[in-house]
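Read off the chains here:
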Amino acid sequence: MNLPAKLEPKEGELVYQSNAITDGVYKITLDEFRLLNLAISKITKNDHPEKRVRITTKEFVETFNIKDKNIRNRLSSIADGLLGKTIDTYSVDKETGKRTRRRRLWLSEVEYDIEGDENIFLEVVFSSEISELLFQLKGNFTLFALKAISAFTSPHSFRIYAWICKYRNMDFYRSGEVITTDTITLKDFKTMLSIENSYEEYKFLKQKIIERSLNEINASTDISVVLNEFKTSRKV
């Protein structure tokens, strides 16, 4: 996949996350992706990891162009769902040299506005385990503009777009204005998207997931992606 290297959004419109999150394995809904990324975009470089991140119904609907008369209950339901969701991240144990998997909760707390009638809010607190991958990052992070992902209609588009953007900060992959990502196997790709037991035939995976996501990315974001396919034996 190839993409241009430039990214020049305004400060305050950016999503920073550790590459451990980008490469992690987790399964959340489209609305949960929206809420998470909106919350992450509110984190600044000097914020404390225990920061309470406030999100209003107005900014949620305006950011993602949502029309819903019951947005209050919808936003509360999204936060309720996220409270129990986890992410698996991977690293190498320093003593044994073996690859390990660590499971973390996304959120530790949500506070709800229960008296407001219009433009209500909720506040989320990221878990201490995930905060180290979001706050005061020094390197090995993925960066993208919140506006670029606002039109996505599939959670897979979020995952694929973030994975591609990870390579922006890696000079090794850059040639002029073009960046080429690593090759990813179908097994690892499906694991990343939490669809390991779906789309056994590549043609359906390509049609339903890959092409749909790349079409969204090319149509609504700041990058242009080209898919390069490689065959191993008789399988793609």
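As shown above, the structure is provided for reference.
Predicted, not measured: the structure shown is a model, and the values here were computed from it.

Draft legend 1. Spatial organisation of the pairing of strand β5 (residues 99-105). Relative to β5, strand β4 (residues 86-92) is paired through seven bridges, and the arrangement is antiparallel. Bridge pairing in β5 links Thr-89 to Arg-102. Adjacent in sequence and paired antiparallel, β4 and β5 are bridged by six residues, among which Gly-97 carries a positive phi angle near 75 degrees.

Draft legend 2. Region of the structure containing the side chain of Ser-150. Take Ser-150: it is sitting in the loop between α6 (146-149) and α7 (155-165). When its relative accessible area of 17% is taken as the criterion, Ser-150 is described as buried. A polar contact of 2.8 Å, which involves the side chain of Ser-150, links it to the backbone oxygen of Lys-147. Apart from residues lying up to four places away in sequence, Ser-150 is in contact with Thr-63 and Phe-64.

Draft legend 3. Representation of the side chain of Arg-159 in the model. Position of Arg-159 among the secondary structure elements: in helix α7. It turns out Arg-159 is buried and unbridged, and the closest side chain with the opposite charge, Asp-23, is 6.4 Å from it. A polar atom in the side chain of Arg-159 sits 2.8 Å from the backbone oxygen of Thr-22. In this structure Arg-159 touches Ile-21, Thr-22, Asp-23, Gly-24, Tyr-26, Phe-33, Met-192 and Leu-193, once residues within four positions along its chain are discounted.

The rules behind these values
- Residues numbered from 1 in each chain as written.
- Predicted model: local features only at pLDDT ≥ 70, side-chain atom pairs only at ≥ 80, totals over all residues.
- Heavy atoms only, no water.
- Pairing = 2+ DSSP bridges.
- Helix = DSSP H or I, 4+ residues; strand = E, 2+ residues; numbered from the N terminus.
- Buried < 20%, exposed > 50% of the residue type's maximum accessible area, 1.4 Å probe, protein only.
- Polar contact = N/O pair within 3.5 Å; in protein donor to acceptor, adjacent residues only side chain to side chain.
- Contact = heavy atoms within 4.5 Å.
- Lys, Arg positive; Asp, Glu negative; His and termini not counted.
- Salt bridge = Lys/Arg side-chain N within 4 Å of Asp/Glu carboxyl O.

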